[in-house]
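Each chain, letter by letter, is given below.
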Amino acid sequence: MLESIQSPADIRKLRVPELKALATEIRAFLVENISKTGGHLSPNLGVVELTLALHRIFDSPRDAIVWDTGHQAYVHKLLTGRSSAFASLRQPGGLSGYPSRSESEHDLIENSHASTSLSYALGLAEGRLRDGIPGTVVAVIGDGALTGGMAWEALNQIAHLQPPNLVVVLNDNGRSYAPTVGGLARHLAQLQIDPRYERLKEEISHRLRELPLVGYKADQAAFRVKESLKQLLQPNTVFDSLGLKYAGACDGHDLEALEELLTRAKRLHTPSVIHVVTEKGRGYEPAIDDEIDKLHGVGAFDPLSGRPRQTELTYTDVFGEALMTAASRHPNVVAITAAMASSTGLLNFAREFPDRVFDVGICEQHAVTFAAGLAMAGKRPVVCIYSTFLQRAFDQTIMDVALHRLPVVFVLDRAGVTGPDGSSHHGVFDLSYLRMIPNMKVAAPADATELCALLETALASDGPVAIRYPKGTVPATPDLPVEPIPVGRWEEVRRGQDAAILAVGRMVEVALVAADRLAEEGISCGVVNARWLKPVDPRLASDWARRYPLLVTAEDNVGSGGFGGAVLETLAPTGLAGKVRIAALPDHFLPHGKQAEILAENGLAPEGLAETVKEHIQVAGEAGLPHGPPPAK
Ligand SMILES: Cc1ncc(C[n+]2csc(CCOP(=O)(O)OP(=O)(O)O)c2C)c(N)n1
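On a predicted model such as this, the values are computed, not experimentally measured, just so you know. (Residues numbered from 1 in each chain as written. Predicted model: local features only at pLDDT ≥ 70, side-chain atom pairs only at ≥ 80, totals over all residues. Heavy atoms only, no water.)

Regarding the overall build of the chain
Part 1: Tallying secondary structure elements over the chain gives 25 helices and 19 strands in all.
Part 2: Relative to the globule expectation of 26 Å for 633 residues, the C-alpha radius of gyration of the chain, 28 Å, shows essentially globular dimensions.
Part 3: The principal-axis extents of the C-alpha atoms in the chain amount to approximately 105 × 55 × 50 Å.
Part 4: Sorting the 633 residues of the chain into buried and exposed places 57% on the buried side.
Part 5: Per element, the accessible surface of the chain, about 26,200 Å² overall, is 54% carbon and sulfur. (Helix = DSSP H or I, 4+ residues; strand = E, 2+ residues; numbered from the N terminus. Rg over C-alpha atoms; globule rule 2.2 N^0.38 Å. Buried < 20%, exposed > 50% of the residue type's maximum accessible area, 1.4 Å probe, protein only. Areas by Shrake-Rupley, 256 points an atom, 1.4 Å probe, with all protein chains shown as cover.)

Quick notes on the sheet that holds strand β15 (residues 499-503)
Hydrogen bonds along the backbone pair up the strands of a sheet, which may run parallel or antiparallel.
Part 1: Strand order in this open sheet of 5 strands is β14-β16-β15-β18-β19, and the pairing throughout is mixed. Among the strands making up the open sheet, the edge pair consists of β14 (491-494) and β19 (580-585). For this sheet, the mean inter-axis angle between neighbouring strands, taken without regard to orientation, is 25 degrees.
Part 2: Here helix α22 (residues 539-547) sits on the sheet in contact with β14, β15, β16 (525-529) and β18 (551-558), set at roughly 115 degrees to β18. (Pairing = 2+ DSSP bridges. Axes fitted to C-alpha atoms, helices over the stretch in contact; angles between N-to-C directions. Contact = heavy atoms within 4.5 Å.)

Things to note about the nonpolar core
Part 1: Core analysis: the biggest nonpolar cluster contains 89 residues, and Phe319, Leu323, Phe410 and Trp490 have the highest contact counts within it.
Part 2: Residues contacting Phe410, with those up to four places away along its chain left out, are Val368, Val383, Leu390, Thr397, Val401, Met440, Pro464, Val465, Ala466 and Ile467.
Part 3: Residues Ala23, Val140, Val276 and Phe301 belong to the second largest nonpolar core, which totals 49 residues. (Core = buried A, V, L, I, M, F, W, Y, C linked by side-chain atoms within 4.5 Å.)

Regarding the packing of helix α2 (residues 16-37) against helix α5 (residues 74-82)
Part 1: One way to put it is that α2 packs onto α5 with a least axis distance of 11 Å and a crossing angle of 110 degrees. In terms of axis orientation, α2 runs roughly perpendicular to α5. Judged by the sense of rotation from one axis to the other, the crossing of α2 with α5 is right-handed. Two secondary-structure elements touch here, α2 through Ile26, Phe29, Leu30 and Ile34 and α5 through Tyr74, Val75, Leu78 and Leu79. (Parallel < 35°, antiparallel > 145°, perpendicular 65-115°, else oblique. Left-handed = near helix turned anticlockwise from the far one by under 90°.)

Here it is as structure tokens:
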């Protein structure tokens, strides 16, 4: 049936039994495809009926559907004419793993950072109102994304502006990756009382409308009875208190109930919050049975068992173990995660030290300032976060941590090119946005052993330190135990004569292979492991920039403001900056694709680096630039 669905109009023709069959088909299709491409499995299995109902009741793109985060928009893709391309999901040149404006007129928001949908939706709704553009704007937000501060900033303004053309659908599956934590989650759980509640409430208001009372007093009496029954039945919701209409909680797998509620919301002409309860991983046992994250986001897996196809040691694993070791020695070490304990390697830590890990919800800004407070109180907070999501807490990192010179350790996972999650998930700005912050020290390990050693250094530091490492497997298992690495100390891992590559993090390995290739062509290329981005090793100016005629910096960060910039800034006063060439990522948003391919396309694989060296050695030769140490002053 799925093949025949080319647009939402096609599903509006279907009847309930056909829709149920379609829902089953979609789930099987998702499992089969995602088992090959990887992707967000359980969030999408959970929203099949909800997406069908949304596209039947609302008329996209006339009505705008805004998916918060966008990781749960696969079913939306299938219903908007993209099922035949679905095998290319997250593959180079294929469909994006999130909504994508270039893919479809039905896709509006492609930023996959959570908690933004209500702000986008309010802006869209207000803008449309002002221009008299008809249609409803629907924001679909998860209970996890609703923990983020931005969502509440938007709700506050929605309550103020009361746009009649805005519907908020709260997709409540009780989980972010792990169960959603906090007072809000508790509140939402309380609202999910007996599923018969909604029907009972309807029944009562229907009966009240039929009361055979007449006159003012009767009206008053009816009103009072109704109000007290309402209070009795319905706990006052946080949304009602804000001045928004709340309806629910509705079974998110009951198509008819969903359609009824959405129809009412559409006709209400006042902003409403429709609370829909869904099951994450619905219909796929391995996801439902998974206690960790219900197979939220997966690589390729075996569809029968749900087990991953690849299980190699990753930087994330190594960090998790290193933090455990450190925590067993330093009683003040505490870990903080913004709803991503499993994917930042904290699971074992949480088992071993349950009182020393804080899941703050999808609230990176709060996470960082909370860490600042903990540090003020004498703790050693380690903020475990993806590089891309620390962007959210840029101001907090500067003002609340660095300005106070607090010893918060930032551990940035998934730094550099991440691959299939695309533009909004590449962690390619962190070296730039961290390096510019006063008091901040920034490091990037070249391998697993160095990661463990840098963590020791960071935990012994008297101010903020950020350590960033890439997504993926480590070159080798760590060589333990480790000694802390002195702050600012680089290492010349290969000596050469004609040029040196100053490499950051994973680029060290790439540079060593490039140097081998160059050696085959008679070029003697050194490699320096520039593991500290900040502070820069003073030997850069006193030694390497004098000894080598050409310095090529290599980093998996954007060129603007990154490591290459740090080297240029250091060398500018010495007059040696002219020897520097920068190999970095370009000044545009990178697409999704395979990590290695994206790096290679941008000159950051061994061949590309070797080419850069060769190209500039020639230029240096042609320009008659000095080859060898400059004359002593
Ligand atoms: C700012 C930000 N932090 C972290 C994430 C990583 N992340 C992606 S989905 C997700 C959980 C979302 O939970 P919810 O909104 O309830 O959606 P569900 O997957 O449960 O349907 C998280 C933490 C993100 N996308 N954005």
